[in-house]
Amino acid sequence: MNENTNINSHNGKLSVTEKIGYGLGDAGGTIITALIGNFLTFFYTDIFGLAPGILGTIMVLARIIDAVTDPLMGIIADKTSSRHGRFRPWQLWVALPVGVACILTFTVPSMSYEMKVVYAFVTYMFLSLSYTAINVPYCAMINSMTTNHEQIMSAQTYRFVLTGMAGFIVSVGLPQLIAFFGKGDQVWGYQAGVGVVCCIAVLMFLACFFTVKEHIPTSNLGSFTIKQHIVSIRKNDQLLLMLVMSFLLMMVFNTRSGGYMYFITYVLQGDVAYTSMFFAVITVASIIGVIIAGQITKKTDALRVYFLSNVFLFIYGIALYFISSSNQTLWLILMLINGVILGFTLPIHFAMMSYADDYGDWKNKVRSSGLNFAFNLFFCKLAWAGGAGVVSIVFVLVSYKAGMENQTPASLHGMTLLETIIPAIIHLLLALVILRCKLNNKFLAQIAADLKARRAS
């Protein structure tokens, strides 16, 4: 059967198998991004041996290249036509390359320092490009699976529960794998441990490909020129707003995660067991938050929940700054609370990205899913660089040097800021931007009704 014409015959409803399969696609991606967000900065400075300034430069250069490659991938995805669909086949084609790229990124070659810098840049770019090639089509795929807003939110809930589990595999499992394989040799421990979790990621990508279907016919998604796509995006004010929101939300995650290993190791002085417990608490909290958000948004406007969550996290982040770091158990409890509320944001945000895509179709009569999500990924990657940049700037200002014996009151204070005041300020900025968004339930119902009437005619 030509799956491009497999028209959904049950009013846009997705099976549980499809929702799980869809979630596994991003679970595989989360393994990659969790490795980047939680461990790569620490790996580059304390294991690979890069100076913080060099690290920041690599991230900035990578984002300059992404400014071209991410939108290009969106165009390619929108133009893809195969018997497997428009977006789905990329889960098959790029699964292995992205896994290999990630393993190479966490490998330390025997080279001069200058050549190691080149190696770090090349492998990181390989990882960034391959992640783009699999993630842009993935994010756009939901709108070729269903146009039912309730089903989109439900699929996003499944997605972020599974990504939370994937994050658990990385955050809790990797420190144990590093200790198991490395036996004191962190260079080999990181390479082998990352290799194991990347194999799991590849299997998740393939599971997504084999269980998901694109029910919306290609003809319904539309075929437009590149100029039409660009004009549509420029006129989609809600999409432009969502891109800013994506940057700010991912900045929170990347600033926090970029500083976690430093904060745990040097401020809280946690061992391997405590590190695993710390990441386990964060991951479990995010899963709980996603599940609660899925229930709350059935009865309450998602946009309002998104706004209030960020207001709370702003106040909470300020309060965390004044908590003593001497009590490790207390910090686990505090991070549990923070993680639950932060878990509200992800399913709501990415569901709203899909709604912004519908809004563009409704307003401009052009569906640009691939390109829309390509620009979204670019802004998320800007946040990768932004988070790494914030960490680098703070460490340069406090004259950070690796090793417990080299830590000063200034460096410990900088690490604390990365987990408290700085994320709090970003949450406040995000809340202010959300106030300008108009994708509430009432407006979305109007959009859905108008699009349904248009397609019927």
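Since this is a predicted model, take the numbers as computed values, not measurements.

Asker: Go over the overall build of the protein, please, and point to the residues and values.
Answerer: A tally of helices and strands in the protein yields 17 helices and 0 strands. Expected size for 457 residues packed as a compact globule is a radius of gyration near 23 Å; at 21 Å, the protein falls within 12% of this value. Over its C-alpha atoms, taken along the principal directions, the protein stretches across nearly 70 × 45 × 35 Å. By the burial criterion, 61% of the 457 residues in the protein qualify as buried.

Asker: Account for the pattern of salt bridges, with residues named and values stated.
Answerer: According to the stated counting rule, one finds 8 salt bridges in the structure shown. A salt bridge links Asp 26 to Arg 159; the nearest nitrogen and oxygen atoms lie 2.8 Å apart. One end of the pair, Asp 26, is in helix α1 (residues 16–48); the other, Arg 159, is in helix α6 (residues 149–182), and 133 residues separate them in sequence. By relative accessible area, which is 7% here, Asp 26 ends up buried. Relative accessible area serves as the criterion here: at 3%, Arg 159 is assigned to the buried category. Residue Lys 438 is joined to Asp 237 by a salt bridge in which the shortest nitrogen-to-oxygen separation is 3.9 Å.

Asker: Tell me about the environment of Gln 295, and please be specific about residues and values.
Answerer: Summarising the element assignment, Gln 295 is placed in helix α11 (residues 272–296). Sequence separation between Gln 295 and Glu 114 is 181 residues, and the spatial gap between their C-alpha atoms is 52 Å.

Asker: I'd love a proper account of the side chain of Arg 86, names of residues and values included.
Answerer: Inspection of the secondary structure assignment puts Arg 86 in the loop between α2 (52–79) and α3 (90–93). It turns out Arg 86 is buried and unbridged, and the closest side chain with the opposite charge, Asp 78, is 4.2 Å from it. Only 3.3 Å separates the side chain of Arg 86 from the backbone oxygen of Asp 78, close enough to count as a polar contact.

Asker: So what's going on with the confidence of the model for the protein? Which residues, and what values?
Answerer: Averaged over the protein, the pLDDT score is 89; the fraction of residues at 70 or greater is 95%. Contacts from residues 1–10, a stretch scored under 50 in pLDDT, to residues over four places away or in other chains number 23 contacts.

Asker: Give a description of the side chain of Thr 132 that names residues and reports values.
Answerer: In this fold, Thr 132 is placed in helix α5 (residues 113–145). For Thr 132, a relative accessible area of 2% gives the class buried. Filtering out sequence-adjacent residues up to four positions away, Thr 132 remains in contact with Thr 69, Asp 70, Met 73, Pro 137, Leu 377 and Lys 381.

Asker: Which residues make up a nonpolar patch on the surface, and what values go with them?
Answerer: Together, Phe 168, Val 284, Ile 288, Ile 292 and Leu 336 make up a nonpolar patch on the protein surface, roughly 350 Å² of accessible area in all. Broken down by element, the residue count for the nonpolar patch peaks at 3 residues, all from α11.

Asker: Report on the environment of Met 165, specifying residues and quantitative values.
Answerer: With respect to the helices and strands, the residue Met 165 is situated in helix α6. Considering only alpha carbons, one finds Met 165 and Leu 382, 217 residues apart in sequence, at a separation of 25 Å.

Asker: So what's going on with unusual backbone geometry? Residues and values would help.
Answerer: Although it is not a glycine, Lys 183 sits at a positive phi angle of roughly 45 degrees. Position of Lys 183 relative to the elements: it lies in the loop between α6 and α7 (186–211). On the accessibility criterion, Lys 183 (68% relative accessible area) is exposed. Positive phi, close to 55 degrees, is recorded for Ser 399, a residue that is not glycine. You can see Ser 399 is positioned in the loop between α14 (369–397) and α15 (409–419).

Asker: How would you explain α6 if you had to name every residue and give the values?
Answerer: For α6, built from 34 residues, the straight-helix expectation of 50 Å at 1.5 Å per residue is met to within 8% by its first-to-last C-alpha distance of 47 Å. The largest bend in α6 comes to about 40 degrees, at Gly 173, with the proline Pro 175 one to four residues further on. For α6, the N-terminal cap is Asn 148; the gap from its side-chain oxygen to the backbone nitrogen of Glu 150 is 2.9 Å.

Asker: Outline the packing of aromatic side chains, supporting the account with residue identities and numerical values.
Answerer: In the structure shown here, the tally under the stated rule is 29 aromatic pairs. Relative to Trp 362, the ring of Tyr 359 lies with its centre 5.8 Å away and its plane at 35 degrees, an arrangement referred to as tilted. Note that Tyr 359 and Trp 362 are positioned in helix α13 (residues 328–364) at a spacing of 3 residues, about one turn of the helix. Note on Trp 362 and Phe 443: the rings are 5.4 Å apart at their centroids and 90 degrees apart in plane angle, and the pair reads as edge-to-face. One end of the pair, Trp 362, is in helix α13; the other, Phe 443, is in helix α17 (residues 441–456), with 81 residues separating them in the sequence.

Asker: Please provide a residue-by-residue account of the state of the cysteines, values included.
Answerer: The final tally for this structure, using the stated rule, is 0 disulfides. Not engaged in a disulfide, the cysteine Cys 102 finds its nearest cysteine sulfur in Cys 198; these two sulfurs lie 3.6 Å apart. Of the cysteine sulfurs around Cys 199, a residue in no disulfide, the closest is that of Cys 198, at 7.4 Å.

Asker: Residues and numbers for helix α4 (residues 95–105), please.
Answerer: Among all positions of α4, only Ala 95, Val 98, Gly 99, Ala 101, Cys 102 and Thr 105 are buried. Viewed along the axis of α4, the buried residues span an arc of 160 degrees, placing them on a single side of the element. Looking at the buried residues of α4, the elements they touch are α1, α3, α5 and α7.

Asker: Mind laying out the packing of α2 against α5, listing which residues take part and the relevant values?
Answerer: Contact geometry for α2 and α5: axes closest at 9 Å, N-to-C directions at 30 degrees. Here α2 lies roughly parallel to α5, going by the angle between them. Between α2 and α5 lies a crossing of right-handed hand.

Asker: Give me the lowdown on the environment of Phe 443, citing residues and values where you can.
Answerer: Judged by its relative accessible area of 14%, Phe 443 is buried. Taking C-alpha positions, Phe 443 is 32 Å from Asn 254, a pair spaced 189 residues apart along the chain. Among residues more than four places away in sequence, those in contact with Phe 443 are Tyr 359, Trp 362 and Lys 438.

Asker: Go over the packing of α1 against α5, please, and point to the residues and values.
Answerer: At a closest axis distance of 11 Å, the pairing of α1 and α5 adopts a crossing angle of 160 degrees. Considering their axes alone, α1 and α5 lie roughly antiparallel with respect to each other. As for how α1 packs across α5, the hand of that crossing is left-handed. Between α1 and α5, the residues in contact are Glu 18, Tyr 22, Gly 23, Gly 25, Asp 26, Gly 29, Ile 32, Thr 33, Ile 36, Leu 40, Tyr 44 and Phe 48 and Lys 116, Tyr 119, Ala 120, Tyr 124, Leu 127, Tyr 131, Asn 135, Tyr 138, Met 141, Ile 142 and Met 145, respectively. Classifying every residue of the contact of α1 with α5 by side-chain character gives 15 nonpolar, 5 polar and 3 charged.

Conventions we followed
Residues numbered from 1 in each chain as written. Predicted model: local features only at pLDDT ≥ 70, side-chain atom pairs only at ≥ 80, totals over all residues. Heavy atoms only, no water. Helix = DSSP H or I, 4+ residues; strand = E, 2+ residues; numbered from the N terminus. Rg over C-alpha atoms; globule rule 2.2 N^0.38 Å. Buried < 20%, exposed > 50% of the residue type's maximum accessible area, 1.4 Å probe, protein only. Salt bridge = Lys/Arg side-chain N within 4 Å of Asp/Glu carboxyl O. Lys, Arg positive; Asp, Glu negative; His and termini not counted. Polar contact = N/O pair within 3.5 Å; in protein donor to acceptor, adjacent residues only side chain to side chain. pLDDT = per-residue confidence, 0-100. Contact = heavy atoms within 4.5 Å. Patch = residues over 30% accessible without salt bridge, like charges linked within 9 Å, V, L, I, M, F, W, Y side chains within 5 Å. Areas by Shrake-Rupley, 256 points an atom, 1.4 Å probe, with all protein chains shown as cover. Expected span 1.5 Å × (residues − 1). Bend = angle between axes of the 7 residues up to and from the residue. Phe/Tyr/Trp six-rings, centres within 6.5 Å; stacked < 30°, edge-to-face > 60°. Disulfide = S-S within 2.5 Å. Arc of directions from axis to C-beta. Axes fitted to C-alpha atoms, helices over the stretch in contact; angles between N-to-C directions. Parallel < 35°, antiparallel > 145°, perpendicular 65-115°, else oblique. Left-handed = near helix turned anticlockwise from the far one by under 90°. Nonpolar A, V, L, I, M, F, W, Y, C, P; charged D, E, K, R; others polar.

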